[in-house]
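Structural overview
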Amino acid sequence: MKNIYKSLTAIPKLKEQRFSQSSQSLIPLRALRFSLLACFAVIILSCTQKKTEEAPEEEKEQTEIALNESQYKTVGIETGFVENRNLNKVIKANGYTTVPPQNSAEVSTLIGGTVKDIFVLEGTFVNKGKVLATIQNLEVIEMQEEYHSATANIEYLQLEYNRQKTLSDENVNPRKVFQEVKAKLAAERARAQAAKDKLGALHVSIKGSTSLVPIVAPISGYVGNIKIAKGAYAQTGVALFEVVDNSQMHLDLNVYEKDLGSISVGQVIDFVLTNQSNKSIKGKIFGINKSFSNESKTVAVHAKIESEDAKGLIPGMYVSANINITNTTVPALPKDAVVRNADKYFVFVEEDEHADKHEEKETEKGTPHEKEIHFKAIEVIPGTTDLGFTEVKFVDRIDANAKIVTKGAFYLLSAMKGGGEHSH
């Protein structure tokens, strides 16, 4: 480039020296100047194109990272090998805890009335038949009076029935009279039984006279929401209390259509409470719905929880569960060895050949240069994760004895994404 520039600056001097020559000699000089300018333009264009071609290489995705020995020790890199592990293939599902319909009750009243007393608090355990509250209704007194009246009439009509039957059998009285007494006796018996059934449904004794109706627990369990207050009017058909028996707790899991073929009754599940500790609890599938639950195309799968494990659980807790399908031997690595970058998964392989090439060199100050250990990101497809290990399938074949980073992989990924923060 400097030679071209000198040639271009020499042209005016050459022109002055030969100014006196004929016009025929000026034509070659102009041609020479034009040729030199053209060459200069071609050189500049070729340099620009070369830089443009080299640019994409710099933008290639980085797959290697190097650490010196000090960094290697500081990070605490550990390596291992792919192992064949006996892992459970699992299907992941979400759901919630619930109880069977027969273990949950909403307590209401068959007759309206004013709440007289409330005898329990929320969270109290009650046995079946325990009186939760009482309501007052004067119609109950009328039911008892009707029962007592019918009972008294039955006693009288029973005696009359016996007398008329004897007379009828001896043909003393017309048989019609006997039939009328018989009909009245049957009617009174029916009236007494109806009154007794009403009082029984209200849990009111047929003896004595009272206006109080007890509200009793239909099952044993814990009192949930109390929806009444003392002095308020309790309406029929409206829930006053909730009682839940948690001893038969189970799970309702939502399983997608694509996984249904792998689900069967008797399979064991492991689940954790999403908002609680990570303690794993076991259960067993006992039922699978035969229809879709909602628009998300999921089917409810029911799993029983052992009574001991169900302690402390309440209905409606959100859970994450693994349904154990099969037990197979697969190539696996510790789950911390697999890292995710965007939508791909990688492991890091230590490249021994790079470490051998980097011998200790003397720097300008005379201090030895630290040996570098190189790592390369290898894409994998993760599978089942169980017992702290993840099944891996390598996109490209690797050496069976490759040293794979089992601890510190996330640090290497961060350094690699940092654009070569650690020099090679």
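Residues numbered from 1 in each chain as written. Predicted model: local features only at pLDDT ≥ 70, side-chain atom pairs only at ≥ 80, totals over all residues. Heavy atoms only, no water.

Moving on to the overall build of the protein chain. From N to C terminus, the protein chain includes eight helices and 21 strands. Put simply, the protein chain has 424 residues, and 33% of those count as buried. Taking all contacts inside the protein chain whose residues are at least 6 apart in sequence as the whole, residues at least 24 apart take part in 75%. When the accessible area of the protein chain is evaluated, it comes to approximately 26900 Å², of which 52% is carbon and sulfur surface. (Helix = DSSP H or I, 4+ residues; strand = E, 2+ residues; numbered from the N terminus. Buried < 20%, exposed > 50% of the residue type's maximum accessible area, 1.4 Å probe, protein only. Contact = heavy atoms within 4.5 Å. Areas by Shrake-Rupley, 256 points an atom, 1.4 Å probe, with all protein chains shown as cover.)

A few words now on a negative patch on the surface. Taken together, the side chains of Glu139, Glu142, Glu145 and Glu146 define an acidic patch exposed on the protein surface. On the secondary structure map, glutamate 142 appears in helix H4 (residues 139-169). Judged by relative accessible area, glutamate 142 falls into the exposed class, the value being 54%. (Patch = residues over 30% accessible without salt bridge, like charges linked within 9 Å, V, L, I, M, F, W, Y side chains within 5 Å. Salt bridge = Lys/Arg side-chain N within 4 Å of Asp/Glu carboxyl O. Lys, Arg positive; Asp, Glu negative; His and termini not counted. Charge placed at Lys NZ, Arg CZ, Asp CG, Glu CD.)

The next point concerns the sheet that holds strand S5 (residues 113-118). Spatially, S8-S7-S5-S10 is the arrangement adopted by the four strands of the open sheet, whose pairing is antiparallel. Across the chains shown, the open sheet's two edge strands, defined by having one partner strand only, are strand S8 (212-216) and strand S10 (233-234). Bridging between S5 and strand S7 (residues 131-136) involves four bridges; their strand directions are antiparallel. Residue pairing in the sheet places valine 115 in a bridge with isoleucine 135 of S7. (Pairing = 2+ DSSP bridges.)

As a further point, take the nonpolar core. One recurring pattern in soluble globular proteins is that nonpolar side chains are buried together. In terms of nonpolar packing, the biggest core is built from 24 residues, with Leu132 and Phe241 touching the most fellow members. Only strand S4 (104-107), S7, H4, S8 and strand S11 (241-244) provide two or more residues apiece to this core. Sort the elements by how many residues they give to this core and S7 lands first, with three residues. The contact partners of leucine 132, leaving out residues within four places of it in the chain, are Val107, Ile118, Phe119, Val120, Val126, Ile215, Val216, Ala217, Phe241 and Val243. (Core = buried A, V, L, I, M, F, W, Y, C linked by side-chain atoms within 4.5 Å.)

Following the sequence through the fold, serine 149 ends up in helix H4. Sequence spacing of serine 149 and alanine 192 is 43 residues, and the spatial spacing of their C-alpha atoms is 8.0 Å. Not counting residues up to four positions away in its chain, the partners in contact with serine 149 are Glu188 and Arg191. Within the structure, serine 149 has its side chain in polar contact with the side chain of arginine 191 (distance 3.4 Å). (Polar contact = N/O pair within 3.5 Å; in protein donor to acceptor, adjacent residues only side chain to side chain.)

The next subject is the sheet that holds S4. Read across the open sheet, the four strands follow the order S4-S11-S9-S6; overall the sheet is antiparallel. At either margin of the open sheet sits one strand with a lone partner, and together these are S4 and strand S6 (125-126). Two elements, S6 and strand S9 (residues 221-226), share two bridges in a ladder whose sense is antiparallel. From the neighbouring strand, valine 126 faces S9, where its bridge partner is glycine 221.

To continue, consider the pattern of salt bridges. The tally for this structure, following the rule as stated, stands at eight salt bridges. Between glutamate 160 and arginine 163 there is a salt bridge, with its nearest N and O atoms 2.9 Å apart. Of the two residues, glutamate 160 and arginine 163 both sit in helix H4, three residues apart, roughly one turn of that helix. Between lysine 258 and aspartate 259 there is a salt bridge, and its shortest N-O distance comes to 3.3 Å. Residue classification places lysine 258 among the exposed positions, given a relative accessible area of 71%. Judged by its relative accessible area of 14%, aspartate 259 falls in the buried class.

What follows is about the confidence of the model for the protein chain. Scored by pLDDT, the protein chain has a mean of 79; 78% of the residues are at 70 or more. Note that residues 1-27 has pLDDT below 50 and, in this model, 12 contacts with residues that lie over four places away or in other chains. Predicted confidence for residues 355-367 stays below pLDDT 50, and this span has 12 contacts to residues more than four positions away or in other chains. (pLDDT = per-residue confidence, 0-100.)

Time to look at the packing of H4 against helix H5 (residues 175-201). The contact between H4 and H5 brings their axes to 7 Å, and the two run at 155 degrees. Taken together, the axis directions place H4 and H5 in an arrangement best described as roughly antiparallel. Crossing hand, H4 versus H5: left-handed. Considered class by class, the residues forming the contact of H4 with H5 number 14 nonpolar, seven polar and 11 charged. (Axes fitted to C-alpha atoms, helices over the stretch in contact; angles between N-to-C directions. Parallel < 35°, antiparallel > 145°, perpendicular 65-115°, else oblique. Left-handed = near helix turned anticlockwise from the far one by under 90°. Nonpolar A, V, L, I, M, F, W, Y, C, P; charged D, E, K, R; others polar.)

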